[in-house]
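# Remarks on the overall topology
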Amino acid sequence: MIELDSVSKNFGDTTVLAGVTGQVNRGEIFAVIGPSGAGKSTLLRLIDLLDTPTEGAIRINGLDIHADKGRRLSIRRMMGMVFQKPAVFNTTVTENVAVGLRFRGAGRSEIRKMVEDALDMVGLAGYGDRKARTLSGGEMQRVALARAMVIEPEVLLMDEPTANLDPVSVAMIEDLVVRINRDLGTTIVFSTHDMYQGQRLAHRIGVLMDGVFSQVGTPREVFTLP
Ligand code: ADP
Ligand code: ADP
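This one's a predicted model, so the numbers in the text were calculated from it and none came from an experiment.

## Section: the pairing of strand β2 (residues 14-24)
In summary, the side chains of a regular strand alternate between the two faces of the sheet. Bridge count for strand β1 (residues 2-11) against β2 is eight bridges, and the pairing is antiparallel. Opposite L4, over in β2, you have G22 as the bridge partner. Between β1 and β2, which pair antiparallel one after the other, the connecting turn spans two residues, and G12 there sits at a positive phi close to 60°.

This is how it looks when you write it as structure tokens:
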């Protein structure tokens, strides 16, 4: 479904990605694993159209996502993104989750229902009227996840979604990743520096090392010595 075709990214003289090739299959959980600075954020930002590759192409359903600027909006609408630092606006939880729906011309009562369902899914039913900035880090990250999911994306991208969270919140987010994939069939790509998290959650793993996928495979394939 997502095809990375020799994707390179330079920042000035620094090569961060040096020809990443691989593919993410529809309906799977794919983990991008690598140490800090390996280029995980950079790769996810390229998929999310927040940046452009220096060379190579990223195709979704066969379409080069960076080639056709006119398709930008429709491609972004297929994707939800959750960042490492929980990004919430200084408004109510409901407003935070509804923000992506407002642009789609959904009606008021329809929006309310969708937001309630999304908050229910992430275990925050009844939190709608609270100020998002007063929540804990784990709760904020679940608000961010509800915002990404309320648009019913085909692909959910998560950039080190649990890196700054306490263990209980990590477990909640991990449980949500598994449930979203299983119950909604959402294709999920997440990054982590924690290989055990990759092993716990992912159907397949790409190990990002020296700017390329040094290995791609199931956790068993990647973590079992030959
Ligand atoms: P990771 O997510 O694996 O920790 P990043 O993708 O954040 O890695 O960063 C990889 C490298 O690219 C780092 O050395 C970082 O400093 C550099 N980098 C990322 N974004 C930029 C940018 N916009 N300009 C210059 N260097 C960048
Ligand atoms: P992360 O931990 O998610 O990689 P960072 O705190 O490293 O985030 O980076 C935050 C933002 O700054 C990202 O959008 C990244 O692309 C950008 N960035 C990272 N490193 C550099 C850099 N050396 N120069 C400019 N921008 C950078």
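Moving on from the model shown.
## Things to note about helix α6 (residues 167-184)
Relative to the 26 Å expected for 18 residues at 1.5 Å per residue, α6 spans 25 Å between its end C-alpha atoms, a close match to the ideal helical length. Taken together, the buried positions of α6 are S169, V170, I173, E174, L176, V177, I180 and N181. Buried residues along α6 cover an arc of 155° about the axis, so they all sit on one side. For α6, the exposed residues set more than 90 degrees away from the buried face come down to P167, V168 and R182. The inward-facing, buried residues of α6 contact β3 (29-33), α4 (108-121), α5 (137-149), β7 (155-159), β8 (187-192) and α7 (195-201). After α6 finishes, the residue G185 shows a positive phi value of roughly 75°.

## Some words on the packing of helix α3 (residues 93-102) against α4
Packing of α3 against α4 leaves a shortest axis separation of 10 Å and a crossing angle of 120°. Judged by the inter-axis angle, α3 sits oblique to α4. You can see that α3 and α4 cross each other, and the crossing is right-handed. Between α3, through V93, T94, V97, A98, L101 and R102, and α4, the contact on the second element is made entirely by I111, M114, V115, A118 and L119. Of the residues contributing to the contact of α3 with α4, the split by class is nine nonpolar, one polar and one charged.

## Thoughts on the sheet that holds strand β5 (residues 63-64)
Strand pairing in a sheet relies on backbone hydrogen bonds, with the paired strands running either antiparallel or parallel. Taken in spatial order, the four strands of this open sheet run β2-β1-β4-β5, and their pairing is antiparallel. The open sheet has two edge strands with one neighbour each: β2 and β5. Across the sheet, helix α1 (residues 40-47) is in contact with β1, β2 and β4 (55-60); its angle to β1 comes to roughly 120°.

## Some points on the site of ligand 1
As a matter of local geometry, ligand 1 sits amid F11, V16, P35, S36, G37, A38, G39, K40, S41 and T42. Here an oxygen atom of ligand 1 and a backbone polar atom of S41 are 2.8 Å apart. Contact distances for ligand 1 include 2.6 Å between an oxygen atom and a side-chain N or O atom of T42. When isolated, ligand 1 has an accessible area of 560 Å², and the protein chains bury 55% of it. Top element by residues in the shell around ligand 1 is α1. It accounts for three residues. When the residues that make up the shell around ligand 1 are grouped by side-chain class, the tally is four nonpolar, five polar and one charged.

Conventions we followed
- Residues numbered from 1 in each chain as written.
- Chains lettered and ligands numbered in written order.
- Predicted model: local features only at pLDDT ≥ 70, side-chain atom pairs only at ≥ 80, totals over all residues.
- Heavy atoms only, no water.
- Pairing = 2+ DSSP bridges.
- Helix = DSSP H or I, 4+ residues; strand = E, 2+ residues; numbered from the N terminus.
- Expected span 1.5 Å × (residues − 1).
- Buried < 20%, exposed > 50% of the residue type's maximum accessible area, 1.4 Å probe, protein only.
- Arc of directions from axis to C-beta.
- Contact = heavy atoms within 4.5 Å.
- Axes fitted to C-alpha atoms, helices over the stretch in contact; angles between N-to-C directions.
- Parallel < 35°, antiparallel > 145°, perpendicular 65-115°, else oblique.
- Left-handed = near helix turned anticlockwise from the far one by under 90°.
- Nonpolar A, V, L, I, M, F, W, Y, C, P; charged D, E, K, R; others polar.
- Near = heavy atom within 4 Å.
- Polar contact = N/O pair within 3.5 Å; in protein donor to acceptor, adjacent residues only side chain to side chain.
- Areas by Shrake-Rupley, 256 points an atom, 1.4 Å probe, with all protein chains shown as cover.

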